[in-house]
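# Observations on the three-dimensional arrangement
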Amino acid sequence: MPETIITVAGTGRLRRTPERAKVRIGIGFEGSKRDSVLAATRAAHESVTGSLVTLLHPDGGPVIDWASEDIRVWGQRPYSPDGSRLPVEFHSAVFVDAEFGDFEALSEWIDVVSAGDGIAVDGIEWRLAPDTEAVLQREVRQAAIQDALTKAREYADALGLGTVTALSLSDPGLLDDPSAGSSGGGQPRMLAMAKSSGGGGIELRPNAIVIEASVHARFSAAPPVSR
């Protein structure tokens, strides 16, 4: 009896508590005078970035890193309800990103900066430290391979076959088509949730980070040798 080919998908999944948080602060104003809008934006921007400079300590935090876009100012003429064009109205926008390693310090900082005019929290992304992420991705990929091997052995046992032998292993989509793109197995998914508390501040509730990996594998299994 010829060998039987068994093709399976294996998955691995881990959940870990976030170690870092990347917050995005949006700053923007509007008005009839470009200079006034720009001046207000610059003042708010300097307040936010100045506070980050005082907290910046790349090795230990609370702020590990931060970056800012350039300030953008543009004008547009809105329409009135009767369809006529109104005078030019100027708008501004700039975003500042900061990565925190101390969530309590982050909460306090958000409470302070978000109280300023024209400043709002645009989003929070929960993260792992790079070293932790690398270790967990390796573990979850190994778990996916073990899952594939376990499935192949179970299929072989159900068919009354002998030992399985690995023939090929790949990221999803690459087993039959080497030119196909990978689905990104093993990349972490980071989810964030920030909600207003009763006191008007921001209550941070980080979701667990989910690290997943998937592999496709092909095995061969022959009938057991008769004695």
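Look above for the structure.
Described below are features of the structure shown in this document. Everything numeric here is computed off the predicted structure, so don't read it as measured data.

## So, the overall build of the protein chain
Within the protein chain, the regular secondary structure consists of three helices and twelve strands. Across the 227 residues of the protein chain, 33% fall into the buried class. Put simply, 77% of the contacts in the protein chain that link residues at least 6 apart link residues at least 24 apart. For the protein chain, the exposed area adds up to about 13200 Å²; of that, 50% sits on carbon and sulfur atoms.

## Some points on the packing of aromatic side chains
Counting across every chain of the model gives two aromatic pairs. Ring geometry for F100 against W109: centres 5.4 Å apart, planes inclined by 45°, an arrangement best described as tilted. Residue class for F100 comes out buried when judged on its relative accessible area of 0%. Seen from their ring centres, F103 and W126 are 5.1 Å apart, and the 75° between their planes marks the pair as edge-to-face. Of the two residues, F103 sits in helix 2 (residues 103-113) while W126 sits in strand 7 (residues 119-127), which places them 23 residues apart along the sequence. Under the relative-accessibility criterion, W126 is labelled buried at 0%. If you follow R85 out to its NZ or CZ, it ends over the ring of Y79, 4.6 Å from the centre.

## Some remarks on the nonpolar core
Burial of nonpolar side chains together is a common tendency in soluble globular proteins. Core analysis: the biggest nonpolar cluster contains 23 residues, and V23, I27, L52, F100, L106 and W109 have the highest contact counts within it. Residue assignment for this core shows that the elements contributing at least two residues are strand 2 (20-27), helix 1 (34-55), strand 6 (89-100), helix 2 and strand 7. Per-element tally for this core: the top contributor is strand 6, with five residues. In this structure W109 touches V23, I25, V48, S51, L52, L55 and F100, once residues within four positions along its chain are discounted. Ranked by size, the runner-up nonpolar core spans 19 residues in total, among them V8, L149, V164 and A213.

## Considerations on the pattern of salt bridges
One pass over the structure, following the stated rule, counts seven salt bridges. Among the salt bridges present, the one from E69 reaches R24, with a minimum N-O distance of 3.7 Å. Note that E69 is positioned in the loop between strand 4 (63-68) and strand 5 (72-76) and R24 in strand 2, a separation of 45 residues in sequence. Judged by its relative accessible area of 32%, E69 is partly exposed. When the shortest N-O distance is used, the salt bridge between D97 and R24 registers 2.8 Å. Within this pair, whereas D97 is found in strand 6, its partner R24 is found in strand 2, the two being separated by 73 residues in sequence.

## Some thoughts on the environment of Y79
Within the secondary structure layout, Y79 lies in the loop between strand 5 and strand 6. Looking at Y79, the relative accessible area reads 55%, which means it is exposed. Sequence-distant contacts of Y79, defined by excluding residues within four places in its chain, comprise S84, R85 and L86. A distance of 3.3 Å separates the side chain of Y79 from the side chain of R85, its partner in a polar contact.

## Observations regarding a negative patch on the surface
On the surface, D102, E104, E108 and D111 cluster together into a negatively charged patch. Within the element layout of this structure, D102 appears in the loop between strand 6 and helix 2.

## Focus: the environment of A166
Relative to the helices and strands, A166 resides in strand 8 (residues 164-170). Taking the C-alpha atoms as reference, A166 lies 6.2 Å from R218; in sequence the two are 52 residues apart. Once residues within four sequence positions are removed from consideration, A166 is found in contact with R218 and F219.

## Overview of the side chain of S170
By the element assignment, S170 lies in strand 8. Classification of S170 by relative accessible area gives buried; the value is 13%. Here L175 takes part through its backbone nitrogen, which lies 3.1 Å from a polar atom of the side chain of S170. In this view, S170 contacts L175, V215 and H216; residues no more than four positions away in its chain are not counted.

The rules behind the values
Residues numbered from 1 in each chain as written. Predicted model: local features only at pLDDT ≥ 70, side-chain atom pairs only at ≥ 80, totals over all residues. Heavy atoms only, no water. Helix = DSSP H or I, 4+ residues; strand = E, 2+ residues; numbered from the N terminus. Buried < 20%, exposed > 50% of the residue type's maximum accessible area, 1.4 Å probe, protein only. Contact = heavy atoms within 4.5 Å. Areas by Shrake-Rupley, 256 points an atom, 1.4 Å probe, with all protein chains shown as cover. Phe/Tyr/Trp six-rings, centres within 6.5 Å; stacked < 30°, edge-to-face > 60°. Lys NZ or Arg CZ within 6 Å of the ring centre and 35° of its normal. Core = buried A, V, L, I, M, F, W, Y, C linked by side-chain atoms within 4.5 Å. Salt bridge = Lys/Arg side-chain N within 4 Å of Asp/Glu carboxyl O. Polar contact = N/O pair within 3.5 Å; in protein donor to acceptor, adjacent residues only side chain to side chain. Patch = residues over 30% accessible without salt bridge, like charges linked within 9 Å, V, L, I, M, F, W, Y side chains within 5 Å. Lys, Arg positive; Asp, Glu negative; His and termini not counted. Charge placed at Lys NZ, Arg CZ, Asp CG, Glu CD.

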